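The lines below spell out each chain.
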Amino acid sequence: MAESLLSSGIQYEHVPPIYVRPTSDRPKLNEVISEEIPLIDLGCDDISKIISQIGHACRNYGFFQVTNHGISKELLQKMIEVAREFFHMPVEEKMKYYSEDPLKKIRLSTSSNINEEKVRNWRDYLRLYCHPLGEFVNEWPSPPPSFKEVVSTYCKEVRQLGSKLLEAISESLGLEGNYINAMLGDQGQHMAINYYPPCPEPELTFGLPAHTDPHSITILLPDQQVAGLQLLRNGKWIALDPSPKALVINIGDQIQALSNGRYKSAWHRAIVNSNMERISVASFLCPEDRAVIGPAKKLTDDGTPPVYRSFTFDEYYKKFWSRSLDDEHCLELFKN
């Protein structure tokens, strides 16, 4: 199994066939355009301005970046460093955490859902469940020696930020500030620490193919040195270059359903680099399993029909992971 890991130390002169995408499904990097996505200063004194900017971003992009988010530059750097440390460990040490079960709560794996995919993705990742911390932290990797401390601190601060952002998203929809957080219940939290090694032929494969996120909100700590995230807007792929000290936020499928389709869970993908490895840390907040998701009543009181039927998050999440990552939007299966 160790040879399955891209971080095993094997150097490739060419992309192995199992990673090569069909000609019609390749990145077409020469067609990607540059366009800035909203950059929102959460330290602004004008709260109504922040809420308005977040609403605009959710309607028109599904993505935005935030600065003055309350997480120190030092902690962000430590998080990236300890992630790099983990993937640079000997493969025998890393394999202690390897699993191909997509529902396993602490696991190292490769690609995305290796048992369902016809073509693999140029990515290894460590998935960690993070809430409640005391239930999971003892099973996290050690070494690296500082891993548990750094990741625990980061998880706590990301959770606080996510809750504040969901309050702002709720208010931007004209709902009570606590509406979304209350509807989603005691949200679960997990992260994917992503490792994209150098790729000899980046035009042939993806780090992650186009997909939406099945959760409520994603908070991404990007690699400041190597860009790779792209999002689909108006039929064109946009390269997202991270701003210094900023975190990248995108709303997930649950917010699209709850907003009755007003806010979009944007398609996005990760490309790879021929010369440099890339690290990113995606943190996800997701409704508790029994939370019932559906359009907020206030958003249909004017006679607008509900776009989606109600469903539990558990039902949605299992359906999402029973498919290949780049299948049609899972929300299509829940339309009225």
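Residues numbered from 1 in each chain as written. Predicted model: local features only at pLDDT ≥ 70, side-chain atom pairs only at ≥ 80, totals over all residues. Heavy atoms only, no water.

Trainee: Can you explain the environment of L331? Please cite residues and give values.
Mentor: Counting through the fold element by element, L331 comes out in the segment after α8 (313-321). When the C-alpha atoms of L331 and Q224 are compared, they prove to be 32 Å apart, with 107 residues separating the residues in sequence. The contact partners of L331, leaving out residues within four places of it in the chain, are D253, Q256, A257, Y308, F311 and Y316. (Helix = DSSP H or I, 4+ residues; strand = E, 2+ residues; numbered from the N terminus. Contact = heavy atoms within 4.5 Å.)

Trainee: Before we move on, can you summarise the sheet that holds strand β1 (residues 33-34) with the specific residues and values?
Mentor: Spatial ordering of the open sheet is given by β1-β10-β9-β12-β7, a layout of 5 strands whose pairing is mixed. This sheet does not close on itself; its edge strands, each paired only once, are β1 and β7 (208-211). Relative to strand β10 (residues 236-239), β1 runs parallel, the two sharing 2 bridges. By the bridge assignment for β10, S34 is matched with A239. (Pairing = 2+ DSSP bridges.)

Trainee: Tell me what's going on with unusual backbone geometry, and back it up with residues and numbers.
Mentor: The peptide bond linking S142 to P143 adopts the cis configuration, its omega dihedral lying at 5°. Within the fold, P143 resides in the loop between α4 (133-136) and α5 (147-172). Here the residue pair P143 and P144 is connected by a cis peptide bond, since its omega of 0° sits within 30 degrees of zero. For P144, the position within the fold is in the loop between α4 and α5. The phi angle at K28 is positive, at roughly 45°, despite the residue not being glycine. Along the chain, K28 turns up in the segment before β1. Even without being a glycine, K245 presents a positive backbone phi close to 65°. Looking at the element boundaries, K245 is found in the loop between β10 and β11 (247-251).

Trainee: Can you explain the nonpolar core? Please cite residues and give values.
Mentor: Buried together is how nonpolar side chains tend to be arranged in soluble globular proteins. Core analysis: the largest hydrophobic core is formed by 79 residues, its most contacted members being W140 and Y154. With 11 residues, the top contributor of residues to this core is α5. With residues near it in sequence (within four places) discarded, Y154 still touches I71, L75, L76, M79, M191, L221, L247, V281 and S283. Core analysis: the second largest hydrophobic core is formed by 13 residues, Y61, F63, A192 and V248 among them. (Core = buried A, V, L, I, M, F, W, Y, C linked by side-chain atoms within 4.5 Å. Buried < 20%, exposed > 50% of the residue type's maximum accessible area, 1.4 Å probe, protein only.)

Trainee: Explain the packing of aromatic side chains to me, and be specific about the residues and the numbers.
Mentor: Taken as a whole and assessed by the stated rule, the structure comprises 11 aromatic pairs. Linked through ring pairs, F86, F87, Y97, F147 and Y195 together constitute an aromatic cluster. The cationic tip of R233 hangs over the ring face of Y61; the distance from NZ or CZ to the ring centre is 3.9 Å. When the ring centre of W237 is taken as reference, the NZ or CZ atom of R269 above it lies at 4.2 Å. (Phe/Tyr/Trp six-rings, centres within 6.5 Å; stacked < 30°, edge-to-face > 60°. Lys NZ or Arg CZ within 6 Å of the ring centre and 35° of its normal.)

Trainee: Outline the packing of helix α1 (residues 47-60) against α5, supporting the account with residue identities and numerical values.
Mentor: At their nearest, the axes of α1 and α5 sit 8 Å apart, and the two run at 80° to each other. Of the possible angle classes, the one that applies to α1 and α5 is roughly perpendicular. When α1 is examined against α5, the residues I51, I54, G55 and C58 are found in contact with a partner set consisting of L165, A168, I169, E171 and S172. Classifying every residue of the contact of α1 with α5 gives 6 nonpolar, 2 polar and 1 charged. (Axes fitted to C-alpha atoms, helices over the stretch in contact; angles between N-to-C directions. Parallel < 35°, antiparallel > 145°, perpendicular 65-115°, else oblique. Nonpolar A, V, L, I, M, F, W, Y, C, P; charged D, E, K, R; others polar.)

Trainee: Could you give me a rundown of the pattern of salt bridges, with the residues and numbers involved?
Mentor: Counted under the stated rule, the structure contains 10 salt bridges. The residue K297 makes a salt bridge to D301 at a minimum N-O spacing of 3.1 Å. The burial state of K297 is the same as that of D301; both residues are exposed. (Salt bridge = Lys/Arg side-chain N within 4 Å of Asp/Glu carboxyl O.)

Trainee: Which residues make up α1, and what are the values?
Mentor: Helix length check: α1 (14 residues) gives 20 Å between terminal C-alpha atoms against 20 Å at 1.5 Å per residue, within 8%. Every buried residue of α1 is accounted for by I50, I51, I54, G55, A57 and C58. All buried residues of α1 lie within an arc of 165° about the axis, which places them on one face of the element. Taken together, the buried residues of α1 touch β2 (39-41), β3 (63-67), α5 and β11. At the exit of α1 stands G62, carrying a positive phi of roughly 80°. (Expected span 1.5 Å × (residues − 1). Arc of directions from axis to C-beta.)

Trainee: Hey, could you go over the sheet that holds strand β6 (residues 188-196) for me, with residue numbers and the actual values?
Mentor: Sheet strands pair by backbone hydrogen bonding; their relative direction is either parallel or antiparallel. Strand order in this open sheet of 8 strands is β2-β3-β11-β8-β13-β6-β5-β4, and the pairing throughout is mixed. Only two strands of the sheet have a single neighbouring strand rather than two, namely β2 and β4 (106-110). On average, each strand axis in the sheet is tilted by 25° relative to the strand beside it, whichever way the strands run. Note: β3 against β11, 4 bridges, orientation antiparallel. For V66, the partnering residue across the bridge sits in β11 and is L247.

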